[in-house]
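Take a look at the letters that make up each chain.
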Amino acid sequence: MVHYGKTLALAMALVLAFSAVGCTTQKDETSAEAQPQLWVVDNAKDPQEGYVMENPSASGDLLTPVTVKNLGNSRTSSEVKKEDPEEVKAIWLSYLDLKPMLLTTGDKSVGEEQFTKNISEAFDNIKALGLNTVIAQVRPFGDALYESDIFPWSYLAAGTEGKDPGFDPLEIMVEQAHKKGLRLEAWVNPYRVRNSATNQELSAENPVHAMLKTGDAIKYNGATSYNPASEEAQKLIADGVQEIVENYDVDGIHFDDYFYPTTDTAFDAKDYQAYQKNGGKLSLAQWRRENVNSLIRKVYSVIKAEDEDIVFGISPQGNMDNNYNNQFIDVKEWLTEDGYIDYICPQIYFGFQNSACPYEETVEAWNDLIQNDVKLYVGLAPYKIGLEDTFAGNGKWEWANNDDLLARMVETAREEDHYQGFSLFRYDSVFKPQSDVKSDVKQELENLKDVL
């Protein structure tokens, strides 16, 4: 995962003096000016190798300690967990996991036969562990690991963006998953086109070229992103989702946690000024949240218009304040009003002994936020097994000193009334761990299998 510098480590030491700051609390900021920047400048290495905003101190008022149990409705002891028709037992298959299955070390396509073999073996591993769902990343950078009339072929398909590999990876993944009795959800990153760590050349047919000229996409601090305020960008993203659900037998669409790429007011100043000039009254932060809400409603609508049984879920950060004030996503709105999502899968990458965001209390707080029929899945962190948990305070060695954390996390989450599943980040962390933690991972997985 991402290694933070000395400055962030010092900041964390300060935060740990204040229990549970920011993990599941949100406060409405009227301005984004004082907030830190996000993925456009924070990623010295590719963000999906680590969870960029995992640090609980990434935002929040350090002078106002709160407890994670303050949000939502308190449950009484008389409440009983609802019957669970089928627990979703998922794993994220990141583009980083897919890359060696698709490309040779020289960045040439391995070909259809070899990819089919590679992905089939991966799905066999997933099935053998007792999992039933794969969340496969098919649009990581405004591109496509499938035949698209909207987005160019991903560079992961054949080594160069826009180059046809001669086969359809998503089609093969759907076919192989269903053949083995696994669900498959298509994981889409909505806004990101490039960041400073992923700078492969854009193909000539990439729609971002035209949209940069019109302001529907924005280049900022070495990153390129679709503009969340743009109706055209929202339509492009929703149309891309519609294309997937119309052409592929996917079981769901999944968004990750990369929404607004920065908190800097300069990022979308022209759009916000135009909004105000036309009579808009929302603060910058509120306006940004509504831009995201608008996209999520559009995506939900196109999915359900195609097939009510295709689910739409989002995996935000475990830290609610980061979600609300840094990436401008109003998760509480999604968990109160209908028409947004079918499930929420917060990345609760914290141990039970985490000083700022203890696992059990954080899961409970997320569960208590849900006021509608949205299902709760929990994102879990097998990438931490056997390692120091840098920002966990008193729990920094929890992942190294225990061998049953994942099992206990699943069992703990099952006590919550909205809980319906979990997801593991990510495939290589589970099935291709580093040699120094391989035995630790093996023992964790054996214990996890006992509860699945």
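Residues numbered from 1 in each chain as written. Predicted model: local features only at pLDDT ≥ 70, side-chain atom pairs only at ≥ 80, totals over all residues. Heavy atoms only, no water.

Caption draft 1: Structural detail: the confidence of the model for the chain. The predicted model of the chain has a mean per-residue pLDDT of 87, with 81% of residues at 70 or higher. Of the regions scoring below 50 in pLDDT, residues 1–21 engages in 46 contacts with residues more than four places distant in sequence or in other chains. Low pLDDT (under 50) marks residues 43–47, which in the prediction has 16 contacts with non-local residues, meaning those over four places away or in another chain. (pLDDT = per-residue confidence, 0-100. Contact = heavy atoms within 4.5 Å.)

Caption draft 2: Broad picture of the nonpolar core. Residues Met173, Tyr226, Phe255 and Trp334 are the most contacted members of the largest nonpolar core, which totals 129 residues. Counting residues per element, this core draws most heavily on helix α10 (residues 284–306), at ten residues. (Core = buried A, V, L, I, M, F, W, Y, C linked by side-chain atoms within 4.5 Å. Buried < 20%, exposed > 50% of the residue type's maximum accessible area, 1.4 Å probe, protein only. Helix = DSSP H or I, 4+ residues; strand = E, 2+ residues; numbered from the N terminus.)

Caption draft 3: The packing of aromatic side chains, seen in detail. Using the criterion set out here, one finds 19 aromatic pairs in the structure. Relative to tyrosine 248, the ring of tyrosine 146 has its centre 6.0 Å away and its plane inclined at 75°; by these criteria the two rings are edge-to-face. Of this pair, tyrosine 146 sits in the loop between β2 (133–139) and α5 (155–158) while tyrosine 248 is found in the loop between α8 (231–247) and β7 (252–255), placing the two residues 102 residues apart along the sequence. No difference in accessibility class separates tyrosine 146 from tyrosine 248, as the two residues are buried. Relative to tryptophan 287, the ring of tyrosine 275 has its centre 5.8 Å away and its plane inclined at 35°; by these criteria the two rings are tilted. A residue pair is termed long-range when its members are at least 10 positions apart, and tyrosine 275 in helix α9 (residues 269–277) and tryptophan 287 in helix α10 qualify at twelve residues. Since its relative accessible area comes to 6%, tryptophan 287 is described here as buried. (Phe/Tyr/Trp six-rings, centres within 6.5 Å; stacked < 30°, edge-to-face > 60°.)

Caption draft 4: Fine view of helix α17 (residues 438–451). Helix length check: α17, at 14 residues, gives a terminal C-alpha distance of 21 Å against a target of 20 Å (1.5 Å per residue), a fit within 8%. Looking only at α17, the buried set comprises Val441, Glu444, Leu445, Asn447, Leu448 and Val451. One face of α17 carries all of its buried residues, which in axial projection span an arc of 165°. More than 90 degrees from the buried face of α17, the exposed residues found are Lys438, Ser439, Lys442 and Asp450. On its buried face, α17 sits against α4 (112–129), α15 (405–413), β11 (419–424) and α16 (427–431). (Expected span 1.5 Å × (residues − 1). Arc of directions from axis to C-beta.)

Caption draft 5: Geometry of the sheet that holds strand β4 (residues 192–194). In space, the three strands of this open sheet follow the order β4-β6-β5, with antiparallel pairing throughout. Lying at the two open borders of the sheet, with one neighbouring strand each, are β4 and β5 (217–220). Neighbour-to-neighbour, the strand axes of the sheet open up by a mean angle of 25°, direction not taken into account. In the sheet, β5 pairs with strand β6 (residues 223–226) via four bridges, with the strands oriented antiparallel. The residue of β6 that forms the bridge with tyrosine 220 is alanine 223. (Pairing = 2+ DSSP bridges. Axes fitted to C-alpha atoms, helices over the stretch in contact; angles between N-to-C directions.)

Caption draft 6: Highlighting α8. In this model α8 runs 24 Å from its N-terminal to its C-terminal C-alpha over 17 residues, within 8% of the 24 Å that 1.5 Å per residue would give. The distance from a side-chain oxygen at the start of α8 to the backbone nitrogen of glutamate 232 is 3.2 Å, and the residue carrying that oxygen is serine 230. (Polar contact = N/O pair within 3.5 Å; in protein donor to acceptor, adjacent residues only side chain to side chain.)

Caption draft 7: Spatial organisation of unusual backbone geometry. Cis geometry marks the peptide bond from phenylalanine 425 to arginine 426; its omega dihedral reads -5°. Looking at where arginine 426 falls in the secondary structure, it is placed in the loop between β11 and α16. Even without glycine at this site, asparagine 221 takes up a positive phi of about 50°. Overall, the relative accessible area of 43% leaves asparagine 221 in the partly exposed class. Look at phenylalanine 328: it is not a glycine, yet its phi comes out positive at around 60°.

Caption draft 8: Expanded view of the packing of helix α13 (residues 359–369) against α15. For the pair α13 and α15, the least separation of the axes is 10 Å and the interaxial angle reads 35°. Between α13 and α15 lies a crossing whose hand is right-handed. Here Tyr359, Glu360 and Val363 of α13 lie close against α15, whose contacting residues are Met409, Val410, Thr412 and Ala413. Classifying every residue of the contact of α13 with α15 gives five nonpolar, one polar and one charged. (Left-handed = near helix turned anticlockwise from the far one by under 90°. Nonpolar A, V, L, I, M, F, W, Y, C, P; charged D, E, K, R; others polar.)

Caption draft 9: Geometry of the pattern of salt bridges. With the rule as written, the count across this model stands at 14 salt bridges. Across the pair lysine 304 and aspartate 342 runs a salt bridge, and its minimum N-O distance is 2.8 Å. Residue lysine 304 is located in helix α10, and its partner aspartate 342 is located in the loop between α12 (331–334) and β9 (343–344); the two are separated by 38 residues in the primary sequence. Grouping residues by exposure puts lysine 304 and aspartate 342 together as buried. A salt bridge links aspartate 428 to arginine 426, with the shortest nitrogen-to-oxygen separation between them at 3.8 Å. The structure contains a network of salt bridges with shared partners spanning Asp97, Arg426 and Asp428. (Salt bridge = Lys/Arg side-chain N within 4 Å of Asp/Glu carboxyl O.)

Caption draft 10: Seen up close, the sheet that holds β9. The strand order around the closed barrel built from eight strands is β1-β2-β3-β7-β8-β9-β10-β11, with neighbouring strands paired in parallel fashion. The sheet contact formed by β7 and strand β8 (residues 311–314) spans four bridges and is parallel. Paired with glycine 252 across the strands is valine 311, a residue of β8. Packed on one face of the sheet, α13 meets β9, β10 (375–380) and β11 and runs near 150° to β10.

Caption draft 11: View of the packing of α15 against α17. Remark: α15 packs on α17, axes separated minimally by 7 Å, with the N-to-C direction vectors making an angle of 25°. The orientation of α15 relative to α17 falls into the category roughly parallel. For the pair α15 and α17, contact is made by Leu405, Leu406, Ala407, Val410 and Glu411 and by Glu444, Asn447, Leu448 and Val451, respectively. Partitioned by chemical class, the residues of the contact of α15 with α17 number six nonpolar, one polar and two charged. (Parallel < 35°, antiparallel > 145°, perpendicular 65-115°, else oblique.)

Caption draft 12: Structural view of the environment of asparagine 323. Relative to the helices and strands, asparagine 323 resides in helix α11 (residues 320–326). Judged by its relative accessible area of 0%, asparagine 323 is buried. For the pair asparagine 323 and tyrosine 258, spaced 65 residues apart in sequence, the C-alpha separation works out to 9.6 Å.

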